[in-house]
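Descriptive structure summary
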Amino acid sequence: MELFFSVIKMIVFLIVIIYTINWSLKYLNRYTSQTSDTIQVIQRIGVSKTSSIAIVKILEQYYVMSLSEQQNQIIRILTPEEVLQYQATLTPEVEPFVPSAFSDLVKCKVEQLTKKKEDQKHENHKK
């Protein structure tokens, strides 16, 4: 009986500890997250182990930047036409969702399976 209470206490304390850790991480995340409406890294491509090239949006202007451990440099400022062209490449081509075609396909497959099942039943009864 004493072992049972020890196990229960251990489980309760484990739940309390996990809850406390989860709460503290959420609390710390508020102060360590670096989200900003004025500065956004749109895309980053690694060039080497310690450097990368990124497209960065600062306010309403887009920049191509070189980012490394030692320094960050603006390579060039993108024109509005280049920004529009880049944004067009980001939007993936999505096929339109056609629920009626999917519904028809499912009905057809269900009919095929029920027919196959009935045929198997008839073959089993003949034997």
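Presented here is an overview of the structure given in this document. (Residues numbered from 1 in each chain as written. Predicted model: local features only at pLDDT ≥ 70, side-chain atom pairs only at ≥ 80, totals over all residues. Heavy atoms only, no water.)

Some thoughts on the overall build of the chain
Tallying secondary structure elements over the chain gives three helices and four strands in all. Looking at the chain as a whole, 10% of its 127 residues are labelled buried. Pairs at least 24 apart in sequence give 7% of the contacts found in the chain among residues at least 6 apart. With the model as given, the accessible surface of the chain reaches about 11900 Å², and the carbon-plus-sulfur share is 61%. (Helix = DSSP H or I, 4+ residues; strand = E, 2+ residues; numbered from the N terminus. Buried < 20%, exposed > 50% of the residue type's maximum accessible area, 1.4 Å probe, protein only. Contact = heavy atoms within 4.5 Å. Areas by Shrake-Rupley, 256 points an atom, 1.4 Å probe, with all protein chains shown as cover.)

Let's talk about the sheet that holds strand β4 (residues 72-77)
Taking strand neighbours across the sheet as the criterion, the four strands line up as β1-β2-β3-β4 in an open arrangement whose pairing is antiparallel. Every other strand in the sheet has two partners, leaving β1 (39-46) and β4 as the edge strands with one partner each. Geometrically, the sheet is characterised by an average inter-axis angle of 30 degrees between neighbouring strands, direction not taken into account. Bridge analysis of strand β3 (residues 61-68) against β4 gives five bridges, and the strand direction is antiparallel. The residue of β4 that forms the bridge with Met-65 is Ile-74. (Pairing = 2+ DSSP bridges. Axes fitted to C-alpha atoms, helices over the stretch in contact; angles between N-to-C directions.)

Regarding the pairing of β3
In terms of strand pairing, strand β2 (residues 51-58) meets β3 through eight bridges, oriented antiparallel. Counterpart to Ile-55 in the pairing with β3 is Val-64. Hairpin connection from β3 to β4: three residues lie between these consecutive antiparallel strands.

So, the pairing of β1
A regular strand places its side chains on the two faces of the sheet in alternate fashion. Sheet topology note: the β1/β2 ladder contains seven bridges and is antiparallel. Bridging across to β2, Gly-46 finds its partner in Ser-52. Between β1 and β2, which pair antiparallel and follow one another directly, the connecting turn spans four residues.

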